[in-house]
Amino acid sequence: MALYVEGLSERVAHKGMAQFQEMMRQQLESSMDAELEKLVDTVTGADRDVCMKDFKGFKNLFHRFLQVKGPSVEWIKIKRPPEDSIQPYDKIAARGLPDGVAASLNKLVVVKLNGGLGTSMGCKGPKSLISVRNENTFLDLTVQQIEHLNKTYNTDVPLVLMNSFNTDEDTKKILQKYTHHRVKIHTFNQSRYPRIHKESLLPVAANLSMMGQNADGWYPPGHGDIYASFYNSGLMDKLIAEGKEYIFVSNIDNLGATVDLQILHHLVSQPNGKRCEFVMEVTDKTRADVKGGTLIQYEGKLRLLEIAQVPKDHVDEFKSVSKFKIFNTNNLWISLPAIKRLQEQNAMDMEIIVNPKTLDGGLNVVQLETAVGAAIKCFDNAMGINVPRSRFLPVKTTSDLLLVMSNLYSLEAGSLTMSPKREFPTTPHVKLGSSFTKVQEYLTRFESIPDMLELDHLTVSGDVTFGKNVSLKGTVIIIANHGDRIDIPAGSMLENKIVSGNLRILDH
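Here the structure is a predicted model, which means the values were calculated and not measured.

Draft legend 1. Main features of the overall build of the chain. Looking only at helices and strands, the chain has 13 helices and 26 strands in total. In terms of overall dimensions, the chain is globule-like: its C-alpha atoms have a radius of gyration of 25 Å, near the 23 Å expected for 508 residues. Principal-axis analysis of the C-alpha atoms places the extent of the chain at approximately 85 × 60 × 55 Å. Taken over 508 residues, the chain has a buried fraction of 49%.

Given below as structure tokens:
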């Protein structure tokens with residue numbers, strides 16, 4: 001009897017705790033709704049309408065955030081994807097291209113994620129406006145690539161830029177320079193969500209202004225927001241009405257993400273009779289990519305697994321190159337009618353990324369975000385294509401910039417291709433120290449970009465400069481001690497060398 005009473009009291013206590021937690025959740029949602037209403041009341045007209053659409057998406061995310069209990073995946077349920085769910089690129093390319101490639105291209109829209117700033121590389125304004133090769137910016141190269149397609153095949157592939165409130169104004173100003181290019185360029189803005197206080201879980205912004213300290217109260221909520229903001233903008237319906245069926249989405253700083261006719265043909269022709277609504281380009285993982293998201297089979301669906309979703313006990317397993325062999329390049333091919341259907345059914349389900357931040361004043365806040373690739377599980381007949389590494393060429397740092405500015409690549413019609421003189425298909429591993437972090441300082445340290453065709457590994461640390469026509473081969477390590485400076489003379493050839501602070505050059 002005593003055991004029964006004890007068990008009953010535990011159940012009552014558990015039920016009581018669950019009721020209390022539910023009451024707290026409802027109270028938090030009610031408080032959030034009241035705060036958002038106050039913020040909406042600070043604007044009028046079209047701004048108010050946009051704001052209310054944004055807040056509708058945020059409320060949905062916040063509601064789900066409060067409901068989440070524990071990790072979003074159970075490790076024991078994770079399975080390897082079925083063999084046919086990730087196709088090798090070579091198998092798709094072997095089918096060849098039909099004569100009617102133009103018809104397929106006319107169904108395509110190229111979408112570039114253009115919400116990021118160049119602050120990590122010491123630049124102001126949109127990252128897409130940083131010069132990366134022969135005075136061409138990321139945006140210049142993108143426009144050149146699509147214009148080349150349109151001229152070659154006599155097609156009308158438009159470019160769509162998803163801007164954020166950080167990049168929209170500067171990007172729109174620069175678009176005037178492309179008026180006479182053979183590319184129609186459209187833009188839409190991703191949502192603007194309120195950062196929330198880590199403790200109270202209420203917005204930190206006092207109003208909708210982007211001026212002064214209040215600007216820190218807002219953030220663009222990750223690229224998973226593309227589905228809702230594209231749909232809300234009205235641009236999606238306009239493109240569907242023009243006969244567009246697929247979008248090719250990629251990060252604007254991935255210089256390998258060009259339109260691939262083989263993948264497009266595979267999508268449009270649907271050889272297995274089933275309409276594929278979502279293709280994720282994946283590529284083989286190296287030790288440098290251990291944190292990249294991977295594809296798994298989970299509860300009968302293909303799903304993206306990110307490191308943030310992995311229980312701590314299994315992080316090493318997730319990073320293993322032998323178990324999880326591929327990672328997501330964030331090059332995605334997605335059916336426009338399918339996005340429209342899922343948005344209208346409110347069926348777009350993406351895991352929430354909780355991103356903690358500390359503002360300049362020391363205030364701890366939380367950003368709720370989603371990732372575009374996480375929606376793969378919502379689409380019918382989704383698949384992965386294992387593409388060559390050359391389709392993943394992101395420029396996140398000046399170390400990456402050095403690679404794409406060098407003679408490792410040639411530039412034609414906005415596309416970078418590896419030089420045939422490079423004997424191995426992989427790029428060198430380059431690690432530039434903190435003196436090279438900002439683009440302006442990096443540029444002053446090279447009189448010309450070194451010859452890197454035979455380079456395997458380069459590490460540079462400290463106050464180092466390079467003269468003209470320097471050649472680097474094998475493994476080269478250059479380390480200037482604190483207070484010392486190393487100037488690599490013009491015309492130098494360093495092969496398997498260590499150059500230390502006192503300018504001794506040693507065989508490596």
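Once the structure has been displayed, the description carries forward.
Draft legend 2. Representation of the packing of aromatic side chains within the structure. Considering all chains together, one arrives at 15 aromatic pairs under this definition. Measuring from centroid to centroid gives 4.2 Å for F248 and W333, while their planes differ by 25°, and the two rings are stacked. Note that F248 is positioned in strand β10 (residues 246-251) and W333 in strand β14 (residues 326-335), a separation of 85 residues in sequence. Among the residues examined, F248 registers a relative accessible area of 0% and is labelled buried. Given the relative accessible area of 0%, W333 is considered buried. For the pair F278 and F379, a centre-to-centre distance of 5.1 Å together with 45° between the ring planes defines the contact as tilted. With a gap of 101 residues between them, F278 in strand β11 (residues 278-284) and F379 in the loop between β16 (364-369) and β17 (383-386) connect regions that are remote in the sequence. Take F278 and F379: they sit in the same class, and that class is buried. The positively charged end of R192 is found above the aromatic ring belonging to W218, 4.6 Å away from the centroid. For the cation-ring pair, R445 lies above F436, with the distance from its terminal atom to the ring centre recorded as 5.4 Å.

Draft legend 3. Layout of a nonpolar patch on the surface. On the surface, F20, M23 and M24 cluster together into a nonpolar patch covering about 290 Å² of accessible area. Topologically, M24 is positioned in helix α1 (residues 2-40). Taking relative accessible area as the criterion, M24 reaches 36% and is therefore assigned partly exposed.

Draft legend 4. Just the sheet that holds β10, in detail. On the basis of which strands lie adjacent, the open sheet formed by 8 strands has the order β1-β17-β11-β14-β10-β2-β5-β6 and mixed pairing. Sheet topology places β1 (86-88) and β6 (185-189) at the edges, where each strand pairs with a single neighbour. On average, each strand axis in the sheet is tilted by 25° relative to the strand beside it, whichever way the strands run. For β1 and β17, the ladder comprises 3 bridges, and the chain directions are parallel. Bridge pairing in β17 places I86 opposite G384. This element, helix α5 (residues 138-153), spans β2 (108-114), β5 (159-163) and β6 of the sheet and lies at about 155° to β5.

Draft legend 5. Highlighting the pairing of β6. Going residue by residue along β6, you find H186 and F188 tucked away on one face and I185, T187 and N189 left uncovered on the opposite face. Bridge analysis of β5 against β6 gives 5 bridges, and the strand direction is parallel. Its bridge partner lying in β6, N163 is registered against N189. Crossover connection from β5 via helix α6 (residues 168-174) to parallel β6: handedness right-handed.

Draft legend 6. Spotlight on helix α9 (residues 261-269). Extensive coverage of α9 is indicated by the burial of 8 of its 9 residues. Those residues of α9 not exposed but buried are L261, Q262, I263, L264, H265, H266, L267 and V268. Two or three places before Q262, at the start of α9, stands the capping residue D260, its side-chain oxygen 3.0 Å from that residue's backbone nitrogen. Q270 occupies a position one or two residues after α9 and carries a positive phi of about 45°.

Draft legend 7. Structural detail: the state of the cysteines. Counting across every chain of the model gives 0 disulfides. Between C276, a cysteine without a disulfide, and C378, which holds the nearest cysteine sulfur, the sulfur-to-sulfur distance is 14 Å.

Draft legend 8. Region of the structure containing the pattern of salt bridges. Using the criterion set out here, one finds 29 salt bridges in the structure. For the salt bridge of D349 with R64, the shortest nitrogen-to-oxygen distance reads 3.4 Å. Here R64 lies in helix α2 (residues 45-67) and D349 lies in the loop between α11 (336-344) and β15 (353-358), a separation of 285 residues in the sequence. E344 is paired through a salt bridge with K340; the nearest N and O atoms lie 3.1 Å apart. Taken together, the positions of E344 and K340, both in helix α11 and 4 residues apart, correspond to about one turn of that helix. Sharing partners across several salt bridges, the network here consists of R64, R303, D349, E351 and K377.

Draft legend 9. Region of the structure containing the pairing of β2. Among the 7 residues that make up β2, 7 are buried, leaving the element largely enclosed by the rest of the structure. Alignment of β2 against β10, held across 6 bridges, turns out to be parallel. Within the sheet, the bridge partner assigned to K112 lies in β10 and is S250. As paired elements, β2 and β5 share 5 bridges and run parallel to each other. Residue V111 lies in a different strand from β5, and its bridge partner there is V160.

The rules we used
Residues numbered from 1 in each chain as written. Predicted model: local features only at pLDDT ≥ 70, side-chain atom pairs only at ≥ 80, totals over all residues. Heavy atoms only, no water. Helix = DSSP H or I, 4+ residues; strand = E, 2+ residues; numbered from the N terminus. Rg over C-alpha atoms; globule rule 2.2 N^0.38 Å. Buried < 20%, exposed > 50% of the residue type's maximum accessible area, 1.4 Å probe, protein only. Phe/Tyr/Trp six-rings, centres within 6.5 Å; stacked < 30°, edge-to-face > 60°. Lys NZ or Arg CZ within 6 Å of the ring centre and 35° of its normal. Patch = residues over 30% accessible without salt bridge, like charges linked within 9 Å, V, L, I, M, F, W, Y side chains within 5 Å. Areas by Shrake-Rupley, 256 points an atom, 1.4 Å probe, with all protein chains shown as cover. Salt bridge = Lys/Arg side-chain N within 4 Å of Asp/Glu carboxyl O. Pairing = 2+ DSSP bridges. Axes fitted to C-alpha atoms, helices over the stretch in contact; angles between N-to-C directions. Contact = heavy atoms within 4.5 Å. Right-handed = clockwise from strand over helix to strand, strands pointing away. Polar contact = N/O pair within 3.5 Å; in protein donor to acceptor, adjacent residues only side chain to side chain. Disulfide = S-S within 2.5 Å.

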